[in-house]
Amino acid sequence: MTESVRVLIPEEEVNKRIKEMAEKISADIGDETITLICILKGSVFFSCELAKNIKGSVMLDFMSVTSYGDDTKSSGVVKIIKDLDDPLEGKNVLVVEDIIDSGRTLSYLLKNLKARNPKSLRLCTLLDKPDRRVVDVSVDYVGFEIPDEFVVGFGLDYAQRYRNLPYIGVLEFNE
Ligand SMILES: O=P(O)(O)OC[C@H]1O[C@H](OP(=O)(O)OP(=O)(O)O)[C@H](O)[C@@H]1O
Ligand SMILES: Nc1nc2[nH]cnc2c(=O)[nH]1
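All values derive from a computational prediction rather than experimental measurement. Residue numbers run consecutively from 1 along every chain, following the written order of its sequence. Ligands are numbered from 1 and chains lettered from A, in the order in which they are written. In keeping with the predicted nature of the model, local features appear solely for residues at pLDDT of at least 70, side-chain atom pairs appear and are counted solely at 80 or more, and the whole-chain, interface and lining totals rest on all residues.

Some remarks on unusual backbone geometry
Stated formally: Put simply, DSSP marks the helices as runs of H or I at least four residues long and the strands as runs of E at least two long, and each gets a number from the N terminus on.
A cis amide bond links Leu40 to the next residue, Lys41, at an omega of -5°. Relative to the helices and strands, Lys41 is located in the loop between strand E2 (34-40) and helix H2 (44-53). For Asn117, which is not glycine, the phi dihedral falls at a positive 60°. One can find Asn117 in the loop between helix H3 (104-114) and strand E6 (120-128). Residue Tyr162 is not a glycine yet carries a positive backbone phi of 80°. Following the sequence through the fold, Tyr162 ends up in the loop between strand E8 (151-152) and strand E9 (168-174).

As structure tokens, this is what we get:
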């Protein structure tokens, strides 16, 4: 069996959309500092592009969570592997995700981070697969809604590979 990747969203389109999202976020946050929480590892590329395009004061922190499962499916159990370096008390926080699938990860993060008393808490994702939703979660900024296909690239992996692709592609298995 061989794997191939079919382009779903070309590089130029991804970068253009991230710029638009950053403009909207900049307008919403105004003069205040915003703390981006990059959810490792998938959202590293997206977080960097977003941060570079947000006008104004940006802080970055990183968190790693896991939802146990095989290489293409997440399970219901979310666990923190690496927590934030700094407290969120009184900060304007934006959680940055690469993809929402079942919604379990973001739903867990929302509850967990709310309890740390940020001044504001917003959620942002590059990709959304609405057809896969199990837990309802309201996201403030969505890059693209995509069909229920397994995607890689721009941070997203299959068995830790393909994260470095500069576009979003659908992973296909061929006989
Ligand atoms: O909506 P959900 O069903 O919870 O799925 C979304 C989560 O799954 C992916 O992370 P993954 O566990 O693959 O880790 P990674 O970012 O390190 O690749 C993705 O980055 C989200 O965090
Ligand atoms: N790489 C990758 N991870 C995911 N996690 C949930 N959905 C996906 C997907 O389509 N691709």
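Here's the deal with the site of ligand 1
Worth spelling out the cut-off: In this text, near has one meaning. A residue is near a molecule or strand if its C-beta atom, placed using the backbone, is within 6 Å of it. Only Asp, Glu, Lys and Arg are considered charged in this grouping, and only Ala, Val, Leu, Ile, Met, Phe, Trp, Tyr, Cys and Pro are considered nonpolar; every other residue, Gly among them, is considered polar.
Every one of the 17 residues lining ligand 1 counts as a neighbour, but Lys41, Gly42, Asp101, Ser102 and Thr105 are closest to it. If you list the elements that add at least two residues to the shell around ligand 1, you get E2, strand E3 (58-67), strand E5 (92-100) and H3. The element contributing the most residues to the shell around ligand 1 is E5, with 4 residues. Residue classes in the shell around ligand 1 are distributed as 4 nonpolar, 7 polar and 6 charged.

Remarks on the sheet that holds E9
Under the convention used in this document: Two strands qualify as a pair provided that DSSP identifies no fewer than 2 bridges between them.
Here we have 3 strands laid out as an open sheet, ordered E1-E9-E8, and antiparallel in their pairing. Strands at the two margins of the open sheet, each flanked by one partner only, are strand E1 (2-9) and E8. Pairing geometry for E8 and E9, over 2 bridges, is antiparallel. Within E9, the residue paired with Val152 across the bridge is Gly169.

Quick look at the packing of helix H1 (residues 11-29) against H2
Put simply, the rule reads: Angles here are taken between N-to-C directions and fall from 0 to 180 degrees, while the axes themselves are lines fitted to C-alpha atoms, restricted in helices to the stretch in contact. Throughout this description, any angle smaller than 35 degrees is read as roughly parallel, any larger than 145 degrees as roughly antiparallel, any in the 65 to 115 degree range as roughly perpendicular, and the remainder as oblique. Crossing chirality is assigned from the near helix's rotation relative to the far helix, an anticlockwise turn below a right angle marking it left-handed and a clockwise turn marking it right-handed. Two residues qualify as being in contact provided that their C-beta atoms, derived from the backbone, are within 7 Å of each other.
Between H1 and H2, the shortest axis-to-axis distance is 8 Å and the interhelical angle comes to 55°. Viewed along their axes, H1 and H2 adopt a mutual orientation that is oblique. For the pair H1 and H2, the crossing hand works out as right-handed. Where H1 abuts H2, its residues Asn15, Ile18, Lys19, Met21 and Ala22 lie against Phe46, Glu49, Leu50 and Asn53. A class-by-class count of the residues in the contact of H1 with H2 yields 5 nonpolar, 2 polar and 2 charged.

With respect to the sheet that holds E3
Strand order in the open sheet formed by 6 strands is E4-E3-E2-E5-E6-E7, with mixed pairing between adjacent strands. Two strands in the sheet have a free side with no partner beyond their single neighbour: strand E4 (78-82) and strand E7 (141-145). Pairwise comparison of adjacent strand axes, ignoring direction, gives a mean angle of 30° for this sheet. Pairing of E5 with E6, which is carried by 8 bridges, proceeds in the parallel orientation. Directly across from Ile100, in E6, lies its bridge partner Asp128. Sheet contacts for H2: E2, E3, E5 and E6; angle to E2, the most-contacted strand, approximately 160°. Packing of H3 onto the sheet brings it into contact with E3, E4, E5 and E6, and relative to E5 it is tilted by some 165°.

Let's talk about the pairing of E4
To keep it simple, the criterion reads: With C-beta atoms placed from the backbone, a residue is labelled by how many other C-beta atoms lie within 10 Å of its own: buried for 20 or more, exposed for 12 or fewer, partly exposed between the two.
Of all 5 residues in E4, 0 are buried; the element is thus mostly exposed. Strand direction decides the pairing type here: E3 and E4, joined by 4 bridges, are antiparallel. Counterpart to Ser64 in the pairing with E4 is Lys82.

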